[in-house]
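As a plain string of letters, each chain reads:
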Amino acid sequence: MIHWISALLPVFLNVGVRAADEAGLSLRLAPGDRLIATGGVSQLEGAGGGGLVPWALITGYGTRNQVGGSAFLTRVDTGDFRLDSAGAAIGVADRLELSYSIQHFDLGSTVPGETIVLESYGAKVRLLGDAVFDQDRWLPQIALGLQYKRNRDYALVPKALGAVRGDDWEAYLAASKLWLDGPLGRSLFANLTLRATRANQLGLLGFGGDRSDDYSIQPEVSLGLFLRDDLVLGTEYRSKPDKLSAFREDAFKDVFIAWFPAKRFSLTAAWADLGNIADKAHQQGWYLSAQIAH
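If you're wondering where the values come from, they're calculated on a predicted model, not measured in any experiment.

Our next topic: the overall build of the protein. For the protein, the count of helices and strands is two helices and 14 strands. Here the protein holds 294 residues, and 57% of them are scored as buried. Restricting the contact set of the protein to residue pairs at least 6 apart, pairs at least 24 apart contribute 61%. Total accessible area computed for the protein in this model is approximately 12500 Å², and 62% of it derives from carbon and sulfur atoms.

Below is the structure:
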């Protein structure tokens, strides 16, 4: 699997360089100069951030005159359900991020032998601030993001449960801040994201429902403490709308540890509490993700 993401990343990086050239920007493809871990890991839908929550930080290690990027593989397994996600993203001039991911959701005993596939296309732009270098300012780094999601299997289960559509747009505003001299002399990271969404289980069960087809604003939070420069312990919370009367939908939560043994590679392990999913309550299990970054 690591070989697969290693092969995917150069493709995205070259696309970013060509696009910058066509736009008249003088950018170079070189090892990124930003500090380790400042691109985050990869969110399930492909954006740079935590595993559950997109951050205002731009993926990869590229600075204002560089193209950076990342590629990842993630698995979440509760015993009843399994979710596999893979994707890649590019960061242009530490200002613009473009991402793609594909998720395969194994329905387990709920619908034996069936899998739902969800594609996510994302764009994020840094509006203002710098989470790392603005240490003498209270202002966080702020970014605006868009995600377009397409459920390939909308007619299989989501439509039968009352979902209104199989594809949709989401928008989010993220604010991120890193305190290099935090508690006990350790670096502390915090992020707040507000997402406008009508997705059911991230879109795996479609969008909108019989209870409501309106967008709602959902908060998402990440906190991380650097135990060492290459080791981060943290937690995440992601609120989600509850639009289907067939099943209750709960917030996602996790406790994670991310290890950066080298600047270009990271491993993230987490214990995730996903609440109620379809006909199964109290879904908890492990989360494991590998990422390469440039």
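As judged from the eight bridges shared by strand β3 (residues 67-77) and strand β14 (residues 280-293), these two strands associate in the antiparallel manner. Bridged to S70 within β14 is A293. Here strand β13 (residues 265-277) pairs with β14 via eleven bridges, running antiparallel. Looking at β14, one finds that F265 is bridged to I292. Between β13 and β14, which follow one another and run antiparallel, lie two residues, and A278 among them has a positive phi close to 55°.

Bringing the packing of aromatic side chains into the picture now. Across all of its chains, the model carries five aromatic pairs by this definition. Measuring from centroid to centroid gives 5.1 Å for Y100 and Y121, while their planes differ by 55°, and the two rings are tilted. Here Y100 is found in strand β5 (residues 96-106), whereas its partner Y121 is found in strand β6 (residues 115-128), with 21 residues between them in sequence. With 5.2 Å between their ring centres and 50° between their planes, Y148 and W169 make a pair best called tilted. Within this pair, whereas Y148 is found in strand β7 (residues 141-151), its partner W169 is found in strand β8 (residues 167-179), the two being separated by 21 residues in sequence. Across the ring face of F252, the terminal group of K240 is positioned such that the distance to the ring centre comes to 3.7 Å. The aromatic ring of Y61 is capped on one face by K263, whose charged end is 5.1 Å from the ring centroid.

Okay, the pairing of β13 next. Note: strand β12 (residues 252-262) against β13, eight bridges, orientation antiparallel. Looking at the pairing, V255 lines up with W271 of β13.

This part covers unusual backbone geometry. If you check the backbone angles, Q201 has positive phi at about 50° while not being a glycine. The topology assignment puts Q201 in the loop between β9 (188-197) and β10 (216-228). On the basis of relative accessibility, which here comes to 5%, the residue Q201 falls in the buried class.

What follows deals with the pattern of salt bridges. All told, the structure shown has 22 salt bridges when counted by the stated rule. As a salt-bridge pair, R152 and E119 come within 3.3 Å of each other at their nearest N and O atoms. Placement of R152 in the loop between β7 and α2 (158-161) and of E119 in strand β6 is noted, with a sequence separation of 33 residues between them. Notably, a salt bridge pairs R195 with E220, separated by 2.5 Å at the nearest N-O pair. Taken together, the residues span a long stretch of sequence, with R195 in strand β9 and E220 in strand β10 at a distance of 25 residues. Note on accessibility: R195 and E220 belong to one class, buried. Salt bridges sharing partners connect three or more residues here, namely E45, K149, E170, R195, E220 and R238.

Okay, the sheet that holds β12 next. If you trace the twelve strands once around the closed barrel, you get β3-β4-β5-β6-β7-β8-β9-β10-β11-β12-β13-β14, paired in antiparallel fashion. Within this sheet the neighbouring strands show an average axis-to-axis angle of 20°, counted without direction. Pairing of β10 with strand β11 (residues 231-238) involves eight bridges; the strand directions are antiparallel. Counterpart to R228 in the pairing with β11 is L231.

Membership of the largest hydrophobic core comes to 40 residues, with the highest contact counts inside it found for L44, F105, I116 and F260. Where this core is concerned, the elements lending two or more residues are β6, β12, β13 and β14. Core analysis: the next-biggest nonpolar cluster, separate from the first, contains five residues, A47, A56, A143 and A174 among them.

The subject of this paragraph is a nonpolar patch on the surface. A cluster of nonpolar side chains, L96, L98, V125, L127, L128, L144 and L173, forms an exposed patch at the surface whose accessible area comes to about 520 Å². Counting only elements with at least two residues in the nonpolar patch, the list comes to β5 and β6. In terms of residue count, the dominant contributor to the nonpolar patch is β6 (three residues). On the secondary structure map, L96 appears in strand β5.

For the rest of this paragraph, the subject is the environment of Q147. Looking at the element boundaries, Q147 is found in strand β7. The buried category is assigned to Q147, whose relative accessible area is 1%. A C-alpha to C-alpha distance of 5.1 Å links Q147 and E170, two positions 23 residues apart in sequence.

About the cut-offs
- Within every chain, residues take consecutive numbers counted from 1 along the sequence as written.
- The model is predicted, so local features are restricted to residues of pLDDT at least 70 and side-chain atom pairs to those at 80 or more, both for listing and for counting; the totals for chains, interfaces and linings are taken over all residues.
- Excluded from the side-chain calculations are hydrogens and water; all other atoms, namely the structure's heavy atoms, are used.
- To qualify as a helix, a DSSP run of H or I must reach at least 4 residues; to qualify as a strand, a run of E must reach at least 2; elements of each kind are numbered from the N terminus.
- Throughout, exposure labels follow a simple rule: accessible area from a 1.4 Å probe, protein chains only, divided by the maximum for the residue type, with under 20% read as buried, over 50% as exposed, and the rest as partly exposed.
- Note on contacts: a residue pair is in contact if any heavy atoms of the two residues lie within 4.5 Å.
- Residue-level accessible areas treat just the shown protein chains as cover; the underlying method is Shrake-Rupley with a 1.4 Å probe.
- At least two bridges found by DSSP between two strands are what make those strands a pair.
- Note on aromatic contacts: the rings of Phe and Tyr and the six-membered ring of Trp form a pair at centre separations within 6.5 Å, being stacked when their planes are under 30 degrees apart, edge-to-face when over 60 apart, and tilted otherwise.
- Two conditions define a charge sitting above a ring: the NZ of Lys or the CZ of Arg must be within 6 Å of the ring centre, and it must be within 35 degrees of the ring normal.
- The salt bridge criterion pairs a side-chain nitrogen of Lys or Arg with a carboxyl oxygen of Asp or Glu, the two atoms within 4 Å.
- Axes here refer to lines fitted to C-alpha atoms; in helices the fit is confined to the stretch in contact. Angles between the N-to-C directions go from 0 to 180 degrees.
- In this description, a nonpolar core means a group of buried Ala, Val, Leu, Ile, Met, Phe, Trp, Tyr and Cys residues linked to one another through side-chain atoms lying within 4.5 Å.
- Residues enter a patch when their relative accessible area is above 30% and they make no salt bridge; the linking distance is 9 Å between like charges and 5 Å between nonpolar side chains (Val, Leu, Ile, Met, Phe, Trp, Tyr).

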